[in-house]
Amino acid sequence: MDLPQSPGPSSIRELSHCYRALLGGACPKLSGAEVARLLFSGVCGQVPERDTQEGAEAAWELIVFSLTLLRKICCGVSAHSLHGAVRGPWRDILSLLFDRMDLMSQLVLHFQSEDQVISHLAAKSASVCVLYLISTSGAVSPVWQKQCVQAFSSSPAGPELDACLWSLTEVVKKLLKESNQVLLAEVLAAFDCSLTTLCSKLLPEERTEVVFGGSWRMTFCLLLDLLEVLTASGLVCGAGLSLRSQRIPAVQSAALLLTVSCCSDYFVKKRILLLLKRVLLQKLGEDWSLEGAALSVREHRDLHADRCVLTQCVLQAVAADWLQSLQVERAVFFGGREKEGLKPDGTMLRAVSLVLLKSIELHLQTAAAAGVDRTSEVDSYLQSLWSWLRRLDVSQTEVSHSCSWISLLFGEQDDDLMEAASASLSIFLSYRRCSGWDSYSVLEAACASGCNPHCHFVLLLQSLSFDHSILLDFLISSETCFLEYFVRYLKYLRGDWQGFAAACGHRNVKRLADAHGCELGEGLQPGGSVPPLEGSSSGSGLRLVEYDSSDESSEETPDGNKQSETTAALTTDRSSKLKTKPSLSMIQSEKVCPTAAAVLEEETCDVLDRVVSCLSELRQVVTRLQTKQLFPYNPSSLLKLLAQVENCYQRSPLS
């Protein structure tokens, strides 16, 4: 086909008129053939005297403007944002460009451009054009597909490979949003072998120093983005489509962990760990919007097997001292990193810790399903994690009680906090089920390993200043797994009230800290507050509030109103119950908790009253909302559990 004649100096001006007409929802004044000619020439950068500096600048401006206009036209026609009578002429322009002028070949040529702006704009425009062609013809552009496959199979790290990775990622995201599984399967199958080859080329096979230059760093990060999208497609498609490229984070998990150990680029390390965390939690796509389209996870055999492979690789790496080779930089603030007293990067710490906690949980669940007891391995993994955190001086003070680590690490990241608490609860319940020990021994071992669920729950409530309204927000929100964790914990709590009551005393502040022979608040800062990790999403630290009497609790309520009658009754009755509390020797003889010998009964009841008051307030609010049919789901089972907890409190000698 003969190329159109080179446009004159008025090309930008004429295309600008077309752009304004498109934005105004009108037809272009020029004929469709003339607009197509201008767009094709603009994408090709055909200007007079292009070899001169002035000509090169004019060509760059023309290419950028043409790519932008092309993308806008495709988006407008695809989204049906144009009126029916107006959409026709613009659709005809696209038909001329793709059917008669083979514009896609010119777009993919720009993938190789050394100019990053042009290369990226070409990738964005090509992605939109591919999606438009899919919506109109139901087929993937063979030109785009061939270019990407060749780049994945043979191209070195650079603009072309980066553009292909970015473009494919965008196309798969859009198909995921539209839930078009047939076309999604077709696209993924076309790139399965070439992507597997690319990952084998980029990931190390043995322990050597991995140095990422500027181009390799960008390429690797774009690959991680694509792997996340591919893995998400595996969750959506289920067992109907099981491609190797969808399973790369699991199949190549050992190589990914090795890259974390050997890579010299800290940002790449963090990206890998965040990807592994999302795979284990099945929360893929946190950093890119599906605009309301939810990923519905379909559990199937391959998915379960992949998570088991990833879990085993993580635990084997930890057993081989992988954590000791993992360095964490100090958190970055707006002035750089040269500020004294900065704590380690909280995002990195949370990612590593949650990957290990979730791996332990899944490992125990898989072993239990197979009838194998693996609980003896738990303590070594957890102690490796706590030792690593101590080496990094995370809390900047001695942490004598390992149960404090969950609050220290995750206290300001709600979703991760609930996932960590839920994983720790599962680990504890598996250990308790398989150990065959009595409650005292199990709790003693749990505190030593840092997974006592009572300690975690009391610390959570203390960090919220026993504010039931925050718990209500957690129950209503779908952003965390708090509901699942809360129900599971309450079921355990009603059967181990004595252990919970002792944990309330064990977690109290300054005066009990000396009795335990540890630092103030067992890793907490003076004043009862947990030092926030740098880089967290919240500006305030996790607080462990010290109260001398339960009467002060009214000051912590958001509206300053008096507490409910039930809460007032609980706190008013407290002083009379303290007179009949059992002696410390009685608590010791009953072996309530390994730390009971140091628990002061008055402080125990102080925290215990506040916990039950908070839960009672929560029950009443949920009941009122349910009565008015304002609660988003049926909370009957939850209300029953909360009422049972209150009954346990009323029957307890420590209440």
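Please refer to the structure placed before this passage.
Procedures and definitions
- Residues numbered from 1 in each chain as written.
- Predicted model: local features only at pLDDT ≥ 70, side-chain atom pairs only at ≥ 80, totals over all residues.
- Heavy atoms only, no water.
- Bend = angle between axes of the 7 residues up to and from the residue.
- Helix = DSSP H or I, 4+ residues; strand = E, 2+ residues; numbered from the N terminus.
- Buried < 20%, exposed > 50% of the residue type's maximum accessible area, 1.4 Å probe, protein only.
- Polar contact = N/O pair within 3.5 Å; in protein donor to acceptor, adjacent residues only side chain to side chain.
- Contact = heavy atoms within 4.5 Å.
- Salt bridge = Lys/Arg side-chain N within 4 Å of Asp/Glu carboxyl O.

### Concerning helix α9 (residues 181–202)
In step 1: The largest bend in α9 is about 50°, located at Asp192.
In step 2: By the burial criterion, the buried members of α9 are Leu183, Leu184, Val187, Leu188, Phe191, Asp192, Ser194, Leu195, Thr196, Leu198, Cys199 and Leu202.

### Re the side chain of Asn452
In step 1: Examined against the element boundaries, Asn452 turns out to sit in the loop between α19 (439–449) and α20 (453–463).
In step 2: A relative accessible area of 1% places Asn452 in the buried class.
In step 3: Here His454 takes part through its backbone nitrogen, which lies 3.0 Å from a polar atom of the side chain of Asn452.
In step 4: Setting aside residues up to four positions removed in sequence, Asn452 forms contacts with Cys403, Leu443, Ala446 and Cys447.

### Structural notes on the pattern of salt bridges
In step 1: Taken as a whole and judged by the stated rule, the model has 13 salt bridges.
In step 2: The salt bridge partner of Glu377 is Arg374, with a shortest N-O separation of 3.4 Å.
In step 3: Of the residues examined, Glu377 reaches a relative accessible area of 22% and is grouped as partly exposed.
In step 4: Owing to a relative accessible area of 34%, Arg374 belongs among the partly exposed residues under this scheme.
In step 5: Between Arg619 and Glu646 there is a salt bridge, with its nearest N and O atoms 2.4 Å apart. Placement of Arg619 in helix α28 (residues 601–627) and of Glu646 in helix α29 (residues 636–651) is noted, with a sequence separation of 27 residues between them.

### Some words on the environment of Asn634
In step 1: Examined against the element boundaries, Asn634 turns out to sit in the loop between α28 and α29.
In step 2: Given the relative accessible area of 59%, Asn634 is considered exposed.
In step 3: Side chain to side chain, Asn634 and Ser636 meet in a polar contact 2.6 Å long.

### Quick notes on unusual backbone geometry
In step 1: With phi around 65°, Asp321 is a residue other than glycine that occupies positive phi space.
In step 2: In this structure, Asp321 sits in the loop between α14 (301–319) and α15 (346–369).
In step 3: Phi at Phe466 takes a positive value of approximately 55°, unusual for a residue other than glycine.
In step 4: Structurally, Phe466 can be placed in the loop between α20 and α21 (468–476).

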